[in-house]
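# Architecture and fold: a report
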Amino acid sequence: QVQLVESGGGLVQAGGSLRLSCAASGRNFRSFAKAWFRQRKDEEREFVAVVDWTWNEFYSDSVKGRFIVSRDPSTNTLYLDMTDLKDEDTAVYYCAARQGGYRLRALEYDYWGQGTQVTVSS
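Below, the structure is looked at part by part. Computed from a predicted structure; not experimentally measured.

### Observations regarding the nonpolar core
- Among the nonpolar cores identified, the biggest contains 29 residues, and L4, W36, V69, L80, M82 and Y93 are the most heavily contacted of them.
- If near-sequence neighbours (up to four positions away) are discounted, L80 is found in contact with L18, R19, L20, W36, V48, F67, I68, V69 and Y93.
- Core analysis: the next-biggest nonpolar cluster, separate from the first, contains six residues, F37, F47, V50 and Y109 among them.

And the structure:
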C-alpha cells in the first residue's frame, strides 16, 4: 500500500515558478513508477511527467523544458519544479504511482494523492 500527499500549489503570476511536493509512504516506493498528472476544470486528467525506478524521465510536450521531476530518496518525496508558468498550466496537479514500468495514461496508476491546485494569473 502506498499513500501520496501533494503540497505546494498556489497562485503564481505567468512566467513565475512553483515547486510541488509529493510525500510518499509505504514499502518499496523506490521501485514504483511515479508520475504527475493534472486536470483542468471540466477536462480529462492529463499526463505531465513520469519517472521509472531507474529514473528514466518522460515529459509531455506541453511542459518539456519547463518542468523537471526530482526526488529526495531519504524522505521518499517526489518534486515537480515548474518554471515559466503559463495560463494553460492552471489545473489541479496529482502525483500517482504504480508498480512496474511507467505509463502515460491515468487509468494505469493505482495510487493517487488528493491533488493540489495551481493557478497561474496573467
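### With respect to the pairing of strand β4 (residues 32-39)
- Buried residues dominate β4, accounting for seven of its eight residues.
- Direction of pairing for β4 relative to strand β9 (residues 91-99): antiparallel, over a ladder of eight bridges. Bridged to K34 within β9 is A97.
- In the sheet, β4 pairs with strand β5 (residues 45-51) via six bridges, with the strands oriented antiparallel. By the bridge assignment, K34 is partnered in β5 with V51.

Calculation rules
Residues numbered from 1 in each chain as written. Predicted model: local features only at pLDDT ≥ 70, side-chain atom pairs only at ≥ 80, totals over all residues. Heavy atoms only, no water. Core = buried A, V, L, I, M, F, W, Y, C linked by side-chain atoms within 4.5 Å. Buried < 20%, exposed > 50% of the residue type's maximum accessible area, 1.4 Å probe, protein only. Contact = heavy atoms within 4.5 Å. Helix = DSSP H or I, 4+ residues; strand = E, 2+ residues; numbered from the N terminus. Pairing = 2+ DSSP bridges.

Just geometry here; none of it tells us what the structure is for.
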